[in-house]
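Residues per chain are reported as follows:
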Amino acid sequence: MKTINYADLPTTYDANSTESEIYKFWEENECFKADAKSKKPPYSIVIPPPNVTGILHMGHAIDETLQDLLIRYHRMSGYEALWVPGTDHAGIATQNVVEKKLREKGQNRHQLGREKFLELTWKWANEHKGAILDQCKRLGASFDRTRERFTLDKGCSDAVKEVFVKLYEKGLIYKGAYIVNWCPRCQSAISDVETEYETEAGHLWEISYSLKDEPGAIVIATTRPETMFGDAAIAVNPTDYKYKDLIGKTVVIPLTGREIPIIADEYVDKKFGTGALKITPAHDPNDYEIGKRHNLKPIWVIDGEGKMKACAEVPAELHGLDRYEAREKTVAMLRYHNDLIKITDHEHNVGKCQRCHTTIEPLLSEQWFVKMEPLAKRAIEAIDKGEIKFVPERWTKNYLGWMENIRDWCISRQLWWGHQIPAYYHNETGEMVVAKENPDPSKYTQETDVLDTWFSSGLWPFSTMGWPNTDSEDFKKFYPTSVLVTGFDIIFFWVARMITMGYEFTGKAPFPTVYIHGLIRDEFGQKMSKSKGNTIDPVGIIDKYGCDALRFTLTSLCTYGGQDIKVSDEKFEYGRNFANKIWNASRFVLMNLEGVDDKPIEKSELTIADKWILHKLNATAKEVNENIKNYRIGETSHILYDFFWNDYCDWYVEIAKIQLRDEKIKLNTQRVLRYVLDMTLRMLHPIMPFITESIWQMIPGEKEEIAIMKSAFPTFSADFEYPAENEEMELVFETIKSLRNVRQSLNIPVSTQMDIEIRATEKEKPVFEAVIPYLQRLARVQEVIFEAENAPVPKKSASAVVGNSKIIIPLAGLIDIDEEIARQNKKLEKINKEKGSLEGRIKNEKFVANAPKEVVEETKAKIAELQVQADAISGLISSLKG
RNA sequence: GGGCGUUUAGCUCAGUUGGUAGAGCGCUUCCCUUACAAGGAAGAUGUCGGGAGUUCGAGCCUCUCAACGCCCACCA
C-alpha cells in the first residue's frame with residue numbers, strides 16, 4: 001500500500017497536476033466502458049456530435065458537463081451507463097473550411113475535381129476528428145471511446161441509405177423543382193431552418209411599367225429592381241378599384257420591352273407600396289406561388305452564383321454582373337429612362353445563410369425533399385401521450401408550434417462533402433433508380449447532390465447503436481436512450497428530426513426526456529462568438545482554475561427554468577475556491593485519521609454533534625438524489641456546497657477537533673469524519689470528478705471499489721436519522737453565535753477571559769451540559785456555570801436569550817452598560833416587531849377561520865416563543881438599569 | 001403580426017405545490033485560533049418593475065401597463 005504523508009500535501013489544491021493522471025487511471029481501468037451484456041438496468045446518452053473540425057467552446061463545456069454528471073450519477077447508482085461519443089461531418093461547415101484552405105493556395109474545388117477534393121477533406125477530417133473529443137477529456141468526460149462514431153462512417157452511412165430508400169419507397173421523399181433558399185456563396189440549397197432573417201435598411205423603388213398600345217402606365221413597388229427582368233406578370237388585388245380597369249391588359253417591362261400581363265390575385269395588399277406587385281416566379285417564394293396559380297412561366301435571370309444571367313431577357317449591360325451591382329445599374333438605367341418614380345427608405349427582413357451569412361437568393365431549382373407532415377403526426381402524439389417530455393416544460397410549446405406548422409424539408413445540398421444521395425440515373429434513358437447500391441455502375445450514374453448534414457444527425461440515437469441491425473447488442477440494451485441533453489438552439493435542427501426519424505424507423509421515441517439547458521453568454525449577456533471576440537475558452541479556464549472549478553461553477557449557474565448563463569473569467573473563482581475548500585478540509589481529515597480502523601461507526605458512542613452531522617448528511621443525500629432526478633442541477637450544486645462548507649467544515653470539523661482530543665471518543669469521531677467525507681465526496685463526484693477521485697484514493701481503509709466513480713452513490717439511510725439531536729444542535733449553534741456576537745459587538749478582545757452563567761430550562765439544561773467543551777472552544781468561553789432558571793442577574797453583565805434559556809456573561813468593569821442596554825433594546829425591538837405582525841394575523845378572525853390548522857398553530861407557537869424571549873430580554877434590561 | 005422569456009440586496013443571480021425573502025461577489029469591523037487569507041468570525045443592505053384583482057395571506061396565481069431580450073411568421 002502506498003503511504004502518504006498527509007502533512008506534506010500542498011495547502012492549495014493544484015488541479016493541473018492531478019487531473020491528467022486521474023483521467024489516465026480511469027482509462028487504464030476501463031472505467032468508462034459499458035457492457036451490453038450487463039444485467040444492470042441501462043442508462044444511455046448519445047453525445048450531440050460536435051463538428052469534426054470544431055474546437056471546444058463553452059457551449060460544449062456546459063453540455064458535456066451535464067451529460068457526464070448524469071452518466072456518472074447513474075453509473076454510481078447501479079445502472080449500466082453508456083455515453084456514446086462521436087463527431088458530425090458537418091457538411092457545409094467542413095467543406096467551407098477546406099475550400100478556404102484551397103483559396104489560400106489560389107485553388108478551388110472545381111480545379112481539383114470531386115474525387116481529389118473528397119480525398120483532401122477526408123484527410124482533414126481524420127486529422128481533426130479526435131481533437132475535440134480529446135479536449136472533452138479535459139472536461140472529465142466519461143464517455144466510452146471504444147464506441148466512438150462519426151456521422152460519415154460505414155455504420156452511419158448504411159443507416160442513411162436504409163432510411164433514404166425506405167422513405168422514398170413510402171413516398172415520403174420526393175424530387176422536384178421548387179423555390180428554395182439558395183446560398184450563392186455555398187453554391188447550394190439550404191433548408192428553412194438554416195436560413196436566418198435579419199432586418200436590413202433598404203429601399204423601396206417605385207417603377208413605372210407602360211401599358212402596351214395605349215397611354216398610361218402602372219407603377220409597382222419593389223425592394224429588388226434587378227429581378228424585374230424575370231417578371232412574368234404584374235398583380236393587383238381584384239377588389240382594388242384603382243386598378244380595376246387595368247386587369248387583363250398588357251404592360252411592357254422597362255429597358256427590355258418584354259410584354260407581361262396584369263393579373264388579379266388576392267394575395268396583393270392594396271395598402272402596401274402602390275398596390276401593384278411585380279411577379280418574379282423564379283426568384284421569390286410568394287411570386288412562385290402566385291405564378292403557379294396563374295400558370296406563369298418562371299424566367300431565371302440570376303444564376304447560382306448570384307450573378308445576372310446572360311440571357312435574352314436581361315439587358316446586355318448587366319450580363320454577368322453581381323446582383324447588387326446589377327441592382328445599382330438597373331436603378332440608374334431606369335432613372336435615365338424616366339421609369340423610376342420614387343425611392344423610399346424601407347426596412348425589411350433579409351434571409352441569410354446560417355453558415356456563411358451570405359444573403360440568400362430564393363431560387364427555383366430541382367431539389368430533394370422529405371414530406372414532413374405524416375412524420376410529424378407521431379412526433380406530436382409523443383407529447384400528448386407523454387412519451388416525450390421537455391425539461392423545462394415551456395419548450396414543449398415551441399416544439400409543438402413548429403411541428404404543427406411543419407414544412408417539407410429540403411434535404412439535397414449541392415456540395416461534395418456528405419452522404420451522396422442514393423439515387424442512380426441511367427446514362428442513356430435518364431431513368432432514375434433509388435436503391436442502397438448502384439444497380440449497374442456501367443450503366444447508371446449516382447446523383448451528385450449530397451444530403452443535409454442533419455439528415456444523418458437525425459438518425460444518431462439509433463445509428464450509433466448498430467441500427468439497421470436491430471439484433472445488435474447495443475441496440476437491444478441501450479436503445480432508446482435515457483435522455484437528450486442540449487441547448488434550445490437546435491430543437492428544430494436536430495431534436496425534432498431525431499424524434500420523427502426515431503418513431504418512423506424504430507417505432508419508439510429515441511429518448512423519453514429532452515433536457516434543455518440555457519445558452520452560455522458573456523458577462524453582458526451577449527452570445528459568445530469568434531467574430532465578436534467575446535469567447536471564453538474552456539480549456540483556458542481549466543488551465544487556470546481546474547476542470548472541477550469549471551464544472552462546479554457552470555452547474556451551479558444552471559437554473560430550473562433553464563435561463564441563459566452569463567459567465568466571465570472571474571466567475572470561475574467560485575468553483576476554484578470551493579475546490580480548494582474541499583482540498584483543505586479533506587487534508588485536515590486525512591491528517592487526523594491516524595489509527596482509525598475499518599470498523600463501521602459505533603452508534604452507541606455517537607455524540608450529539610456526530611448525530612447531527614449524520615442526520616444532515618442523510619437529508620443532503622435525499623435532496624441530492626431527488627434534485628438530480630428532476631434535472632435540478634443548480635440546486636444540487638448549491639445543496640452540496642452548503643452542506644460541505646457550512647455544515648461539515650464550519651461546524652462539524654471544528655467540533656471534531658475537540659472530540660479528537662478526547663481519547664474515549666476519538667476513534668469513533670475519526671470514523672464519522674471519514675464516513676461523512678467519503679459520502680460527500682461521492683455525492684460531489686458527478687459534478688467534480690477529479691478532486692473527489694484524487695482525495696478518495698487517499699482515504700485509508702478497505703474499499704469495495706477501485707475508484708470513487710465506481711462506488712455506490714449515497715442514498716437516504718434510515719440508520720442515521722436523528723431529528724431530536726438535529727434540533728438540539730440548532731440551539732447550540734444559536735448559543736455560540738450569540739456569544740460571538742456579544743464579544744464582537746461589545747469589543748471584548750480575544751485575550752479577555754469570558755465566563756458564562758447558563759439559566760436553562762429543565763428541558764434545555766442537558767443539551768447545554770453535553771456541549772460545554774464546544775462552547776468553551778468555539779465561543780471562547782472559560783468557565784460554564786449553571787444557575788437556577790430564575791437566579792438574579794448580576795448588574796454588570798451582557799446576556800443572550802437562546803431558546804427558552806438565558807446566557808449571562810458577567811463582565812464587571814469590562815463593558816459599557818449603556819451600550820449593552822442599547823444592544824438589548826435593538827434585539828427587543830426586532831422581536832416585538834415580528835411578534836406584532838404575527839399577532840395581527842391571529843387577531844384577524846378570517847385568518848383563524850380559513851388558514852389551515854397547522855399554520856394557525858405554528859403562528860401561535862411562534863408568538864409564544866417570541867413572547868418568552870421578549871420577556872427575558874425585558875427582564876435583563878431592567879436588571880441592567882437597576 | 002403571433003409566441004416565449006426577463007425585471008428580487010451595490011453587482012450577478014437563486015427562490016418546486018401561495019404562509020411574509022436567500023446565495024456568491026462587493027461593503028463594514030475583528031482575526032495569520034496548528035485544514036484552508038482562494039480562509040475564519042461578527043455585521044449592514046431589498047415598499048421582490050408600476051398598477052389593479054383573487055385570497056385570511058401574493059416575489060409566487062389572474063388581468064393590465066412599461067422596459068429589455070429571444071424565437072417564429074411569405075407582406076413586395
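Refer to the structure presented above.
Here goes a summary of the coordinates provided. Here the structure is a predicted model, which is why all the values come from computation and not from measurement. Throughout, residues of each chain are indexed from 1 in the direction in which the sequence is written. Each chain gets a letter, beginning with A, and each ligand a number, beginning with 1, in the order they are written. Totals for whole chains, interfaces and linings use all residues, but because this is a predicted model, local features are given only for residues with pLDDT of at least 70 and pairs of side-chain atoms are given and counted only at 80 or more. Water and hydrogen atoms play no part in the side-chain values, which are based on all heavy atoms of the structure.

### Side note on the packing of helix 17 (residues 573-591) against helix 21 (residues 689-696)
Here's step 1: For helices, the axis comes from a line fit to the C-alpha atoms of the stretch in contact; other axes are also lines fit to C-alpha atoms, and the angle between any two N-to-C directions lies between 0 and 180 degrees. Elements are defined by DSSP. Helices are runs of H or I of four residues or more, strands are runs of E of two residues or more, and each kind is numbered from the N terminus. Here helix 17 crosses helix 21 at 5°, and the two axes come no closer than 11 Å. As far as their axial angle goes, helix 21 and helix 17 are roughly parallel. Only Ile691, Ser694 and Ile695 of helix 21 make contact with helix 17, whose side of the interface consists of Ala579, Ile582, Trp583, Ser586 and Leu590.
Here's step 2: Throughout this entry, Asp, Glu, Lys and Arg are counted as charged residues, while Ala, Val, Leu, Ile, Met, Phe, Trp, Tyr, Cys and Pro are counted as nonpolar. The remaining residues, Gly among them, count as polar. Of the residues contributing to the contact of helix 17 with helix 21, the split by class is 6 nonpolar, 2 polar and no charged. Note on terminology: angles under 35 degrees are roughly parallel, angles over 145 are roughly antiparallel, angles of 65 to 115 are roughly perpendicular, and the others are oblique. Residue contacts are counted whenever heavy atoms from the two residues lie within 4.5 Å of one another.

### Notes on the protein's contact with RNA strand B
Here's step 1: Taken together, 56 residues lie near RNA strand B, and Arg576, Arg587, Trp645, Asn741 and Arg841 sit nearest.
Here's step 2: Backbone atoms, meaning sugar plus phosphate, form 58% of the atoms of RNA strand B positioned within 4 Å of the protein.
Here's step 3: Arg740 places a polar side-chain atom, nitrogen or oxygen, 3.3 Å from a sugar or linking oxygen of RNA strand B.
Here's step 4: Elements that contribute at least two residues to the surface near RNA strand B include exactly strand 8 (217-222), strand 13 (340-353), helix 10 (395-404), helix 17, helix 19 (633-659), helix 22 (723-745), helix 25 (817-843) and helix 26 (845-850).
Here's step 5: By residue number, the principal contributor to the surface near RNA strand B is helix 17, which donates 10 residues.
Here's step 6: Broken down by class, the residue content of the surface near RNA strand B amounts to 18 nonpolar, 19 polar and 19 charged. We call a residue near a molecule or strand when any one of its heavy atoms sits within 4 Å of it. Side-chain atoms alone can form a polar contact between residues adjacent in sequence; in general such a contact is a pair of N or O atoms within 3.5 Å, and within protein one must be able to donate a hydrogen while the other accepts it.

### What about the pattern of salt bridges?
Here's step 1: Any carboxyl oxygen of Asp or Glu within 4 Å of a side-chain nitrogen of Lys or Arg constitutes a salt bridge here. For the coordinates displayed, the defined rule picks out 46 salt bridges.
Here's step 2: Between Lys170 and Glu504 there is a salt bridge; the shortest N-O distance is 2.6 Å. One end of the pair, Lys170, is in the loop between helix 6 (154-169) and strand 5 (173-183); the other, Glu504, is in helix 14 (residues 491-506), and 334 residues separate them in sequence.
Here's step 3: Its salt-bridge partner being Asp598, residue Arg674 comes within 3.9 Å of it at the nearest N-O pair. Remark: Asp598 occurs in the loop between helix 17 and helix 18 (608-629) and Arg674 occurs in helix 20 (residues 663-684); sequence separation between them is 76 residues.
Here's step 4: Burial here depends on accessible area, computed with a 1.4 Å probe over protein chains only, as a share of the maximum for the residue type. Under 20% is buried, over 50% is exposed, and the range in between is partly exposed. Overall, Arg674 belongs to the buried group, its relative accessible area being 11%.
Here's step 5: Its relative accessible area of 46% is what places Asp598 among the partly exposed residues.
Here's step 6: Look at the salt bridges and you will find they share partners, linking Arg224, Glu226, Arg323, Arg327 and Glu361 into a network.

### Describing helix 14
Here's step 1: For helix 14, the buried fraction is high: 14 of the 16 residues fall into the buried class.
Here's step 2: Phi for Gly507, located one or two positions after helix 14, is positive at around 75°.

### Considering the environment of Gly561
Here's step 1: Of note, Gly561 is situated in the loop between helix 16 (547-556) and strand 25 (565-566).
Here's step 2: What makes Gly561 partly exposed here is its relative accessible area of 25%.
Here's step 3: Distance from Gly561 to Asp158, taken between C-alpha atoms, is 39 Å for residues 403 residues apart in sequence.
Here's step 4: Leaving out residues up to four positions away in the same chain, Gly561 has contacts with Pro392 and Arg394.

### Section: the nonpolar core
Here's step 1: Within the largest apolar cluster, 152 residues are counted, with the highest numbers of intra-cluster contacts made by Met58 and Tyr648.
Here's step 2: When near neighbours in sequence (up to four residues on either side) are disregarded, Met58 contacts Ile520, Met528, Ile536, Asp537, Pro538, Ile541, Leu550, Leu554 and Phe572.
Here's step 3: As used in this record, nonpolar core signifies buried Ala, Val, Leu, Ile, Met, Phe, Trp, Tyr and Cys residues forming a set joined through side-chain atoms within 4.5 Å. Among the nonpolar cores identified, the runner-up in size contains 64 residues, and Cys156, Val160, Phe390 and Trp467 belong to it.

### Observations concerning the environment of Thr448
Here's step 1: Looking at the element boundaries, Thr448 is found in the loop between strand 20 (444-446) and strand 21 (450-451).
Here's step 2: Measuring from C-alpha to C-alpha, the distance between Thr448 and Leu318 comes to 31 Å, with 130 residues separating the pair along the chain.
Here's step 3: Not counting the four nearest positions on each side in its chain, Thr448 is found in contact with Arg114, Leu415 and Gln420.

### Section: the side chain of Asn618
Here's step 1: On the secondary structure map, Asn618 appears in helix 18.
Here's step 2: Overall, the relative accessible area of 4% leaves Asn618 in the buried class.
Here's step 3: Residues in contact with Asn618, not counting those within four places in the same chain, are Thr715, Phe716, Ser717, Phe720 and Glu721.

### Things to note about empty space enclosed by the protein
Empty space left among the atoms is revealed by rolling a probe the size of a water molecule over them.
Here's step 1: With a 1 Å grid spanning the protein atoms alone, the term cavity applies to any set of points in which a 1.4 Å probe fits but cannot get out, the term pocket to an open set with protein on both sides within 12 Å along at least five of seven lines, and the term lining residue to any residue with an atom within 4 Å of a point. Grid points are joined across faces, edges and corners, and a volume is the space filled by probe spheres set on the points. Under the definition given, this model contains 1 cavity of 30 Å³ or more.
Here's step 2: For the largest cavity, the calculated volume is near 40 Å³.
Here's step 3: Around the largest cavity, the lining residues are Tyr515, Ile516, His517, Gly518, Leu557, Cys558, Thr559, Gly562, Gln563 and Ile565.
Here's step 4: When residues of the lining of the largest cavity are assigned to their parent elements, the largest contribution, 3 residues, is made by strand 23 (residues 513-517).
Here's step 5: Considering only residue class, the lining of the largest cavity consists of 5 nonpolar, 5 polar and no charged.

### Here we look at the sheet that holds strand 27 (residues 784-786)
Where strands meet in a sheet, backbone hydrogen bonds hold them as pairs that are either parallel or antiparallel.
Here's step 1: At least two bridges found by DSSP between two strands is the condition for calling them paired. Read across the open sheet, the 4 strands follow the order 27-26-29-28; overall the sheet is mixed. Each having just a single partner strand, strand 27 and strand 28 (797-802) make up the two edges of the open sheet. On average, each strand axis in the sheet is inclined to that of its neighbour by 25°, with strand direction left out of account.
Here's step 2: For strand 28 and strand 29 (residues 805-810), the ladder comprises 6 bridges, and the chain directions are antiparallel. From the neighbouring strand, Val801 faces strand 29, where its bridge partner is Lys806.
Here's step 3: Here helix 22 sits on the sheet in contact with strand 26 (756-759), strand 28 and strand 29, set at roughly 155° to strand 28.
Here's step 4: Helix 27 (residues 853-881) contacts strand 28 and strand 29 of the sheet and is inclined by roughly 175° relative to strand 28.

Any functional reading would require information that these geometric values do not contain.
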